[in-house]
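What follows is each chain in one-letter form.
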Amino acid sequence: MDLTNCNMKVVIIYTTITGNTKELAEEIFRIFCRQSVDISIYRIDEFSVSHLHDYDVVIFGTYTWGTGNIPKEMRTIYREFEVLERKGMITAVFGTGDSCYPNYCGAVDLFRDMLYVHTILAATLKVELTPQRQDLHRCQKFVESIVKRMK
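All figures in this text were calculated on a predicted structure; none of them were measured in a lab.

Running from N to C, helix α1 (residues 20-33) and helix α4 (residues 135-150) cross one another at 55 degrees; their axes reach a closest spacing of 10 Å. It follows from the interaxial angle that α1 and α4 lie oblique. The two elements α1 and α4 cross, and the hand of that crossing is right-handed. Contacts from Leu24, Glu27, Ile28, Ile31 and Phe32 of α1 reach α4 at Leu136, Cys139, Gln140, Phe142, Val143, Ile146, Val147 and Met150. Along the lines of polarity and charge, the residues of the contact of α1 with α4 split into eleven nonpolar, one polar and one charged.

Encoded structure:
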């Protein structure tokens, strides 16, 4: 899938507490780099919400806090997307979680539901704890789903 003629700008915005979501974000970023896409990656504390309009594709990465909540540091950008007038923007969300909790990757589900209403949701991905070898194929499929929407 060559996107060398694609002028779309993609950004991955993530948060991490244990490093698992960062590892997953970096793997997704590496896969996108092989697609010749104009891609950037930021931790949420390095990204200004005012720059959202600079991107055509926004991909969120999050862990789940407590009993299925969005982490505090992701709430502002979540709320921004609830009111953002970008129905044509392509989005995706991925996250890590622990299935021993009753609401496994609940933050991913909350982002997914909101993005589905307000944007063009291309893909979601949930990974148990830290990404494993078997998750690499799932990351590839996640990226392929997003790229397909970009064409």
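Core analysis: the biggest nonpolar cluster contains 25 residues, and Ile28, Phe32, Ile59, Phe94, Phe142 and Ile146 have the highest contact counts within it. Of all elements in the fold, only β1 (9-14), α1, β3 (57-63), β4 (90-97), β5 (120-128) and α4 reach the threshold of two or more residues within this core. With six residues, the top contributor of residues to this core is α4.

The terminal C-alpha atoms of helix α3 (residues 106-118) lie 19 Å apart, and with 13 residues this matches the ideal 18 Å at 1.5 Å per residue to within 8%. Elements that come into contact with the buried residues of α3 comprise β3, α2 (75-83), β4 and β5.

With respect to the secondary-structure elements, Ile31 resides in helix α1. When the C-alpha atoms of Ile31 and Cys139 are compared, they prove to be 8.0 Å apart, with 108 residues separating the residues in sequence. The residues touching Ile31, leaving out its near neighbours within four places in the chain, are Leu136, Cys139, Gln140 and Val143.

Within a regular strand, side chains alternate between the sheet's two faces. Of the strand pairs in this sheet, β4 and β5 are connected by eight bridges, and their pairing is parallel. Counterpart to Val93 in the pairing with β5 is Thr124. Following the chain from β4 across α3 to the adjacent parallel β5, one finds a crossover that is right-handed.

Within the protein, residue pLDDT values average 91, and 96% of them lie at 70 or more. Across residues 1-5, confidence stays below pLDDT 50; counting only partners more than four residues off in sequence or on other chains, it has twelve contacts.

Cut-offs used in this document
- For every chain, the first residue of its written sequence is number 1, and the numbers climb from 1 along that sequence.
- pLDDT decides what is reported in this predicted model: residues at 70 or higher carry local features, side-chain atom pairs at 80 or more are listed and counted, and totals for whole chains, interfaces and linings draw on all residues regardless.
- Values reported for side chains reflect all heavy atoms of the structure, with hydrogen atoms and water molecules removed beforehand.
- Axes, fitted as lines to C-alpha atoms, cover a helix only where it is in contact. Angles between the N-to-C directions of the axes lie from 0 to 180 degrees.
- Each helix is a run of H or I in the DSSP string that is no shorter than four residues. Each strand is a run of E no shorter than two, and both are numbered from the N terminus.
- Convention used here: angles under 35 degrees read as roughly parallel, angles over 145 as roughly antiparallel, angles from 65 to 115 as roughly perpendicular, and any remaining angle as oblique.
- For a crossing to be left-handed, the near helix must be turned anticlockwise from the far one by less than a right angle; the clockwise case is right-handed.
- Residue contacts are defined here by distance: any two heavy atoms, one from each residue, within 4.5 Å place the two residues in contact.
- Asp, Glu, Lys and Arg are counted as charged, while Ala, Val, Leu, Ile, Met, Phe, Trp, Tyr, Cys and Pro are counted as nonpolar; the rest, among them Gly, fall into the polar class.
- The set of buried Ala, Val, Leu, Ile, Met, Phe, Trp, Tyr and Cys residues whose side-chain atoms join them within 4.5 Å is what this entry labels a nonpolar core.
- Buried, partly exposed and exposed residues are distinguished by accessible area as a fraction of the type maximum, computed with a 1.4 Å probe on protein chains only: under 20%, between the cut-offs, and over 50%, respectively.
- Every helix has an expected span of 1.5 Å times one less than the residues it contains.
- Strands were regarded as paired on the criterion that DSSP finds at least two bridges between them.
- Crossover handedness is defined by viewing with both strands directed away from the observer: a clockwise path from the first strand over the helix to the second marks the crossover as right-handed.
- Every residue carries a pLDDT, the predictor's confidence in it, which falls somewhere between 0 and 100.

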